[in-house]
Amino acid sequence: SIRTNQIMFNSFKPNIILKSALRIDTSFLREHSVMLLLLDIDNTLVMHGQGATPEVIDWINSIREHVKICFISNNSQERVDMFNADIKLDAIAKSGKPDKGLYLGLSEKYQVPLQNICVVGDQLFTDIWGGNRAGIMTVFSTPIGGKEPVQIYFKRFFERILFRIWGKKNVR
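Residues numbered from 1 in each chain as written. Predicted model: local features only at pLDDT ≥ 70, side-chain atom pairs only at ≥ 80, totals over all residues. Heavy atoms only, no water.

With reference to specific residues and values, describe helix H6 (residues 124-134).
For H6, the tally of buried residues reaches 8 of 11 residues, placing the bulk of the element in the interior. When H6 is considered as a whole, its buried residues turn out to be Leu-124, Phe-125, Thr-126, Asp-127, Ile-128, Gly-130, Gly-131 and Ala-134. Looking one or two residues past H6, Gly-135 carries a phi angle of roughly 80 degrees, positive in sign. (Buried < 20%, exposed > 50% of the residue type's maximum accessible area, 1.4 Å probe, protein only. Helix = DSSP H or I, 4+ residues; strand = E, 2+ residues; numbered from the N terminus.)

So, in structure tokens, the structure goes:
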């Protein structure tokens, strides 16, 4: 039915769409009562496979005293360690997104209620769907671009369809 399709499509719909994750600042964190920020890495903070840029490091340093931060990536330990080398925050490689157990486990680990957790990522079918399934705030960050693995390239096709269905309103 149409109702069932709407519910299904909306399970991939982010609460907020940002042109860049780096638009999140202390006032955003306060406004949304965010105590734990879960950040995807590839195409959310940097191009796929790139190390942390000075801009990303400065941004992290501007918010890290105001919120707990954990990087969550489905990429390898080696990849995550390379990105995190100069930042040295908690990071989970091969995280298993969109498994809602990941988010529930992090709520427990950090002792932060689900309503005070925000996940930020560039993929509707991993970052956003997993966060929505766990009942946490979801922020879609426009993909940075660059070369992506083929499986992500195919997901982007379906993401574009969903954004057409929803209309790209409320992009900040």
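Residue-level account of the sheet that holds strand E2 (residues 36-39), with values.
The 6 strands are arranged E1-E6-E5-E2-E3-E4 in an open sheet whose pairing can be described as parallel. Each of the sheet's edge strands pairs with one partner strand only, and the pair in question is strand E1 (16-18) and strand E4 (90-92). Taken over all neighbouring pairs, the strand axes of this sheet differ in orientation by 25 degrees on average, direction set aside. Relative to E4, strand E3 (residues 68-72) is paired through 3 bridges, and the arrangement is parallel. For Cys-70, the partnering residue across the bridge sits in E4 and is Asp-90. Docked against the sheet, helix H5 (residues 100-110) engages E2, E3, E4 and strand E5 (117-121), running at close to 150 degrees with respect to E3. (Pairing = 2+ DSSP bridges. Axes fitted to C-alpha atoms, helices over the stretch in contact; angles between N-to-C directions. Contact = heavy atoms within 4.5 Å.)

An account of the pairing of strand E6 (residues 137-141) is needed here, citing residue identities and associated values.
The element E6 is extensively covered by neighbouring structure, given that 5 of its 5 residues are classed as buried. As paired strands, E1 and E6 are joined by 3 bridges and run parallel to one another. Across the sheet, Leu-18 pairs through a bridge with Ser-141, a residue of E6. Alignment of E5 against E6, held across 4 bridges, turns out to be parallel. In the sheet register, Val-119 faces E6, and the bridge partner there is Thr-138. The parallel pair E5 and E6, bridged by H6, forms a crossover whose chirality is right-handed. (Right-handed = clockwise from strand over helix to strand, strands pointing away.)

Summarise the pattern of salt bridges; cite the residues concerned and give the values.
Counting across every chain of the model gives 4 salt bridges. Salt-bridge contacts for Arg-79 lead to Asp-42; the nearest nitrogen and oxygen are separated by 2.6 Å. Taken as a pair, Arg-79 in helix H4 (residues 77-84) and Asp-42 in the loop between E2 and helix H3 (54-63) lie far apart in primary sequence, 37 residues in all. Judged on exposure class, the residue Arg-79 and its partner Asp-42 are both buried. A salt bridge links Lys-109 to Asp-90; its shortest N-O distance comes to 3.9 Å. Of this pair, Lys-109 sits in helix H5 while Asp-90 sits in strand E4, and the two are 19 residues apart along the sequence. For Lys-109, a relative accessible area of 53% gives the class exposed. With relative accessibility at 36%, the residue Asp-90 sits in the partly exposed group. One network of salt bridges, in which partners are shared, links Asp-40, Lys-97 and Asp-127. (Salt bridge = Lys/Arg side-chain N within 4 Å of Asp/Glu carboxyl O.)

Describe the side chain of Arg-79, and please don't skip the residues or the numbers.
Given the relative accessible area of 8%, Arg-79 is considered buried. Look past the residues within four positions of Arg-79 in its chain and what remains in contact with it is Ile-41, Asp-42, Val-46, Met-47, Gly-49, Gln-50 and Gly-51.

Break down unusual backbone geometry for me, citing the residues and quoting the values.
Backbone torsion omega between Lys-97 and Pro-98 reads 15 degrees, so that peptide bond is classified as cis. One non-glycine residue, Asn-43, lies in positive phi territory at about 65 degrees. As for its position among the elements, Asn-43 is in the loop between E2 and H3. The residue Lys-94 is not glycine, and still its phi comes out positive at about 45 degrees. By secondary structure assignment, the location of Lys-94 is in the loop between E4 and H5.

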